[in-house]
Amino acid sequence: MTSIDVVVVGGGIAGASIAYELAASRSVLLVEAETALARHSTARSAATYVPGHGAAPVRALIAASGPRFARLAAELDAPPLLAPRAVLHAAFDADGAADLADYVAGQAGEPGAPLAIDPAEAHRRCPALRPGSVAAAAVVEDAADVDAEALHQAYVRGLVRRGGQVRAGSPVTGLRPSGSGWRVQAGPDGEVVDAAEVVDAAGAWADEVAALAGVPRIGLTPYRRTIALARVPDPSRMRGPDGSRLPMVVGTPESFYFKQEGDGLLVSPADETPVAPHDVRPDDLDVAIAMERVEAVTGLGLRSVRTAWAGLRSFVPDRLPVVGAWPEHPGFWFCAGQGGSGIESAPALAAFAAAVVTGGALPPDVPLERTALAPGRG
Ligand SMILES: Cc1cc2nc3c(=O)[nH]c(=O)nc-3n(C[C@H](O)[C@H](O)[C@H](O)COP(=O)(O)OP(=O)(O)OC[C@H]3O[C@@H](n4cnc5c(N)ncnc54)[C@H](O)[C@@H]3O)c2cc1C
């Protein structure tokens, strides 16, 4: 039997990032059910960093993560983790324009807030949009693509450098209180590890892991989201002003998004289909809807798909992440419910979560109270 300070369950971005932060002051074991880390949501995202995305606490985490990406790259010998690419929010009818005006007004004055631009400017920035189609637009200049794989690998490398251990192919199958801590059963041979604390970073499976421990669920719902990589018959149409690359375009209300990927176009219908946690696959209908919606506003001649995938975005009802423990179950910490922002908010969320778990000082750049994201918050 092994004894350790903290067992982190789940080897996606949530588990890897909090394990790295905790390993600064604790012995840490990261356990992942799959034989490779980051096979689920973390490997399937659109990999964008969009200031202004989500509810106010999520926006604060995203804003605080911005400067942290560059610091992490330097600290963990990673390549640049952010590649600038503006996001263009575009509405195509009067209702969409009203929604977009509310969206812009709701964030006015915040760092990285979307700025309204006129439709002509939207067409100038994204000539791939059908002429005259845009009713209203706003731009987020500080958005970027995230190298999510490099980010995840950097965290794992940093964890190991700090003396942390990583075990893939090691599903947690048993969890029970033991003394003042937890007894964790994981791996094909059911190896037992005693830990003072457990961090449940099991993504869409976080409530299943809690149930194993006899800990109340946080009420997580995984929602399927689909992405397809479309062929573009004439890639020269995907050039911005002066040959620059196109911004990412997000329809308002959010019913599709697209962004250029090499000579193809990544398209999503922004679907949210509630499902049980599983290794999710794309539905052909969702792929077809994405192609149709993006074709309707671009006329790029999208007809065939190179590849498509789906992943899970998991939310609790108020759509904020859950970081903390139920008071009746000390030492069993959730770090789950990151929804559609688990990559862009990971650096700040991991630092915040590690401070919550250890009781250490909260990061000064994260303007959240220690219990702001606790399970069962008001
Ligand atoms: C299509 C799509 C687009 C997205 N776009 C963006 C975006 O542009 N920007 C952004 O910031 N976010 C985006 N997201 C959201 C982001 O991908 C997620 O918030 C993030 O990856 C969640 O990370 P995670 O580590 O919690 O989950 P996961 O990556 O799913 O990791 C959880 C891990 O826990 C493991 N596990 C489960 N049960 C057990 C067990 N019993 N024992 C051991 N291990 C277990 C699983 O195998 C899994 O590897 C997107 C998501 C999707 C699906």
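Keep in mind it's a predicted model, so treat the numbers as computed, not measured. (Residues numbered from 1 in each chain as written. Predicted model: local features only at pLDDT ≥ 70, side-chain atom pairs only at ≥ 80, totals over all residues.)

This next bit is on the overall build of the chain. Counting its regular elements, the chain contains eight helices and 20 strands. Over its C-alpha trace the chain gives a radius of gyration of 21 Å, about what one expects of a compact globule, namely 21 Å for 378 residues. Counting only C-alpha atoms and orienting by the principal axes, one finds that the chain spans roughly 70 × 40 × 40 Å. For the chain, buried positions account for 52% of its 378 residues. Within the chain, contacts between residues separated by at least 24 positions form 72% of all contacts whose residues are at least 6 apart in sequence. (Helix = DSSP H or I, 4+ residues; strand = E, 2+ residues; numbered from the N terminus. Rg over C-alpha atoms; globule rule 2.2 N^0.38 Å. Buried ≥ 20, exposed ≤ 12 C-beta atoms within 10 Å, placed from the backbone. Contact = placed C-beta atoms within 7 Å.)

Contacts to the ligand come from 41 residues, most closely from Gly10, Gly12, Gly203, Gly311 and Gly342. Taken together, the residues of the shell around the ligand break down into 18 nonpolar, 16 polar and seven charged. Counting contributing residues per domain, the shell around the ligand is built from domain 1 (2–47 + 148–220 + 318–358) and domain 2 (86–142 + 223–312), each supplying no fewer than three. (Near = placed C-beta within 6 Å. Nonpolar A, V, L, I, M, F, W, Y, C, P; charged D, E, K, R; others polar. Domains from an automatic or database assignment.)

On to the domain arrangement of the chain, then. Segmenting the chain into domains produces domain 1 (2–47 + 148–220 + 318–358) and domain 2 (86–142 + 223–312). Using only C-alpha atoms to locate each centre, domain 1 and domain 2 end up separated by 32 Å. Each partner contributes residues to the interface: domain 1 has nine residues there, and domain 2 has eight residues. Of the residues that constitute the side of domain 1 that touches domain 2, the class distribution is three nonpolar, four polar and two charged.

For the pair helix H2 (residues 56–75) and helix H8 (residues 346–358), the least separation of the axes is 6 Å and the interaxial angle reads 100°. As summarised for this structure, H2 and H8 are arranged roughly perpendicular, according to the angle between their axes. Listed contacts from H8 to Leu61, Ala64, Ser65, Arg68, Phe69 and Leu72 of H2 are Ala346, Pro347, Ala348 and Leu349. Looking at the contact of H2 with H8 residue by residue, the classes come out as eight nonpolar, one polar and one charged. (Axes fitted to C-alpha atoms, helices over the stretch in contact; angles between N-to-C directions. Parallel < 35°, antiparallel > 145°, perpendicular 65-115°, else oblique.)

Before going further, it helps to examine helix H1 (residues 13–22). Each α-helix winds once per 3.6 residues, and so residues spaced three or four apart point in a common direction. When you tally the buried positions in H1, you get ten out of ten residues, the bulk of the element. Considering only its buried residues, H1 is in contact with strand S1 (2–9), strand S2 (28–31), helix H5 (148–161), strand S12 (191–200), strand S20 (332–336) and H8.

For helix H7 (residues 284–298), built from 15 residues, the straight-helix expectation of 21 Å at 1.5 Å per residue is met to within 8% by its first-to-last C-alpha distance of 21 Å. Check the buried side of H7 and you find it contacts strand S13 (221–231), strand S15 (257–261), strand S16 (264–268) and strand S18 (305–315). The first or second residue beyond H7 is Gly299, which carries a positive phi of 65°. (Expected span 1.5 Å × (residues − 1).)

Attention now goes to the pairing of S13. Note: S13 against S18, ten bridges, orientation antiparallel. For Leu229, the partnering residue across the bridge sits in S18 and is Thr307. Where S13 and strand S17 (residues 273–274) come together, two bridges link them in antiparallel fashion. Across the sheet, the residue bridging to Tyr223 is Pro274, located in S17. The sheet contact formed by S13 and S16 spans four bridges and is antiparallel. By the bridge assignment for S16, Ala230 is matched with Leu265. (Pairing = 2+ DSSP bridges.)

Attention shifts here to the environment of Ser255. Of note, Ser255 is situated in the loop between strand S14 (248–252) and S15. For the pair Ser255 and Ser304, spaced 49 residues apart in sequence, the C-alpha separation works out to 20 Å. Other than its neighbours up to four places away in sequence, Ser255 contacts Ala270 and Arg293.

Helix packing geometry: the angle between the two helix axes and the distance between the axes. H5 packs onto H1 with a crossing angle of 35° between their chain directions and a minimal axis gap of 8 Å. By crossing handedness, the relation of H1 to H5 is classed as left-handed. Between H1 and H5, the residues in contact are Ile13, Ala16, Ser17, Ala19 and Tyr20 and Ala148, Leu151, His152, Tyr155, Val156, Gly158 and Leu159, respectively. (Left-handed = near helix turned anticlockwise from the far one by under 90°.)

For the rest of this paragraph, the subject is the sheet that holds strand S3 (residues 48–49). Here we have three strands laid out as an open sheet, ordered S3-S8-S4, and antiparallel in their pairing. A strand with exactly one partner marks an edge of an open sheet, and here the two such strands are S3 and strand S4 (82–84).

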